[in-house]
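Listed below, chain by chain, are the residues.
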Amino acid sequence: MLARVRSAAVLGIDAYLVDVETDIANGLPSFTTVGLPQGAVKEGRERVGAALANSDFVFPLKRITVNLAPADVRKDGSAFDLPIALGILAATGQLNGAPTPGADDPSIDRSNDLPNLHDYVIVGELGLEGDVRPVRGALPVALAARDAGLRGVVVPLQNLPEAGVVDGIAVLGADSLTSVRRFFDEGTPLRRATVDARRLFGSRVPRDVDLAEIRGQEHAKRALEIAAAGSHNLLMIGPPGSGKTMLARRLPTILPEMTLDEALETTKIHSVAGLMPPGGSLVTTRPFRAPHHTISDAGLIGGGTYPRPGEVSLAHRGVLFLDELPEFRKNVLEVLRQPLEDGYVTISRAATSLSYPAQFMLGAAMNPCPCGYLGDPGRACTCGGVAVSRYLARLSGPLLDRIDIHIEVPAVPYRELSCDRSGEPSAVVRERVNGARQRQLKRFAGREGLFANAYMTPADLRRFCRVTDQADALLKTAIVRLKLSARAYHRVLKIARTIADLAESAPILPGHVSEAVQYRSLDRPRQ
Ligand SMILES: [Zn+2]
């Protein structure tokens, strides 16, 4: 007896349909799964057997063969438990849709509007008692089912809010194997998703932090605004306690609001990573990820035996913040080059290679020296000159090349901390950032793949950065005086372009250049 149940597997951040074929034949009792099953799928046999028995079904003491097709794609995860259990039920006549005796008799109407097993994509892990447990990637699975033109998708109840944002298909949530059997056999309804993605998207949750909470640090806040306006990566150098992390945490709050497409794309990544909070439907605010400096390269860019998105992808469309930048291992920082350049990461495995989106703004912070107090008026630095140079040398050149803005964030004087004037709210700053982004989009219209000043190539700079004669003279003086390299010169020009965009100025004026030069701390000779 052969039964076929539709399911799906996740590859990268997308899902593809998988046919779960279950064959039951006479012979010595056995249970074999074929079609490149990985660890979790194999273990699933034990869960499926227990779940069937504990839900008062008969587990057949026969030769059971389960084939997951297509067979040539690697499959991970426990999401096949539920479809395999349903396949066994269908193949043994314990579920509607199975070729039971008399089924081909036209006088018996078996349809009577009951849902047909073949119209649904089904995913779910089983607990030993027959309960259905959440899986990773329910959102991409629902999208794949809709794109295949199917009638519905059955996901674990806990994944319903997340999968439910997909419209154009019935998204149903199941909490037990028995409830799914009743749905197909008796038409007992399953909980149906009633998420309106657009409405949900319109009612954004308020952010938990705001730029207004930071007093003083006007120079750093201005640098943050410029970074956000031109999508420039940013490095903050300052002693412990100067508020570098506080500042970085507020960077996502001044970036333009996410579009619905961006929100869906970001949610897919978090869904595949299994990181959606319980009841969470849609990631509507830009992510902020701050991995510890002991992170591995696989943790940062993704990978592992069962590939998962790394921090760079979880920060997609948001901010990746690396505190204590020189403490990160060199090989870990090296792997940041691909995502910073291409906006995605590729992970190669023996059988396949897959890619995850990873377009983020990089924020980084470091102490000025190993002890942290170099240049601090209130405390003496105990590091020698050699130790300081060695510390700075730990930053890899290629990574620094991708960071347009570096600023010094000094310890905050008591006077500024204690004054109760509250700063400018994020929403006001975001308005200006939006304006500057609009001007950039207009200027770069027709130039494929270019959406912000930070991504201009040297050719783009020549084309888009018109500098007045005075500003040009000032730029040349700065190059000579600060001994700027050609690369540093390009960075200054890009930042000046963003400052001009914030000031709604078409040409780059001397004031824009002189401000831009201030955001190249590491180019300046050290004291
Ligand atoms: Zn020191």
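Residues numbered from 1 in each chain as written. Predicted model: local features only at pLDDT ≥ 70, side-chain atom pairs only at ≥ 80, totals over all residues. Heavy atoms only, no water.

K.L.:
I'd like a rundown of the pairing of strand β4 (residues 63-69), residues and numbers included.
P.N.:
Of the two faces of β4, the one lined by Ile64, Val66 and Leu68 is fully buried and the one lined by Arg63, Thr65, Asn67 and Ala69 carries no buried residue. Where strand β2 (residues 14-25) and β4 come together, 7 bridges link them in antiparallel fashion. Its bridge partner lying in β4, threonine 22 is registered against valine 66. (Buried < 20%, exposed > 50% of the residue type's maximum accessible area, 1.4 Å probe, protein only. Helix = DSSP H or I, 4+ residues; strand = E, 2+ residues; numbered from the N terminus. Pairing = 2+ DSSP bridges.)

K.L.:
Any chance you could break down the nonpolar core for me, citing the residues and the numbers?
P.N.:
Formed by 51 residues in total, the largest nonpolar core has its most connected members in Leu234, Met236, Ile405, Ile407 and Tyr519. If we ignore the near neighbours within four places in the chain, the residues touching methionine 236 are Lys244, Leu247, Ala248, Phe321, Ala364, Ala365, Met366, Ile407 and Val409. Counting residues in each nonpolar core, the second largest holds 39 residues, with Ala9, Val66, Phe80 and Leu117 among its members. (Core = buried A, V, L, I, M, F, W, Y, C linked by side-chain atoms within 4.5 Å. Contact = heavy atoms within 4.5 Å.)

K.L.:
Tell me what's going on with unusual backbone geometry, and back it up with residues and numbers.
P.N.:
Omega for the bond connecting alanine 69 with proline 70 falls within 30 degrees of zero, at 5°, which places this linkage in the cis form. Here proline 70 lies in the loop between β4 and α2 (81-91). Even without glycine at this site, aspartate 56 takes up a positive phi of about 65°. Looking at where aspartate 56 falls in the secondary structure, it is placed in the loop between α1 (39-54) and β4. Looking at aspartate 56, the relative accessible area reads 72%, which means it is exposed. With a phi close to 50°, lysine 483 is a non-glycine residue in the positive phi region.

K.L.:
Tell me about the layout of surface pockets, residues and numbers included.
P.N.:
Size it by volume and the largest pocket reaches roughly 770 Å³. Along the walls of the largest pocket sit 40 residues, with Val135, Arg136, Gly137, Ser271 and Val272 positioned nearest its centre. Broken down by secondary-structure element, the contributors of at least two residues to the lining of the largest pocket are β1 (2-11), α10 (260-272) and β17 (353-357). Among the elements that line the lining of the largest pocket, the one with the most residues is β1, at 4 residues. Split by residue class, the lining of the largest pocket holds 20 nonpolar, 12 polar and 8 charged. (1 Å grid on protein atoms, 1.4 Å probe; cavity = no way out; pocket = protein on both sides within 12 Å on 5 of 7 lines; lining within 4 Å. Points joined across faces, edges and corners; volume = space filled by probe spheres on them. Nonpolar A, V, L, I, M, F, W, Y, C, P; charged D, E, K, R; others polar.)

K.L.:
Describe the sheet that holds strand β19 (residues 405-408), naming the residues involved and giving the relevant values.
P.N.:
Taken in spatial order, the 5 strands make up an open sheet running β12-β15-β18-β11-β19, and their pairing is parallel. Edge positions in the sheet fall to β12 (288-289) and β19, since each of these pairs with one other strand and no more. Direction of pairing for β12 relative to strand β15 (residues 319-322): parallel, over a ladder of 2 bridges. In the sheet register, phenylalanine 288 faces β15, and the bridge partner there is valine 319. Its contacts with the sheet place helix α7 (residues 218-230) against β11 (234-237), β18 (361-366) and β19, and it is angled at close to 170° to β19. (Axes fitted to C-alpha atoms, helices over the stretch in contact; angles between N-to-C directions.)

That's the geometry; what it means functionally is another story.
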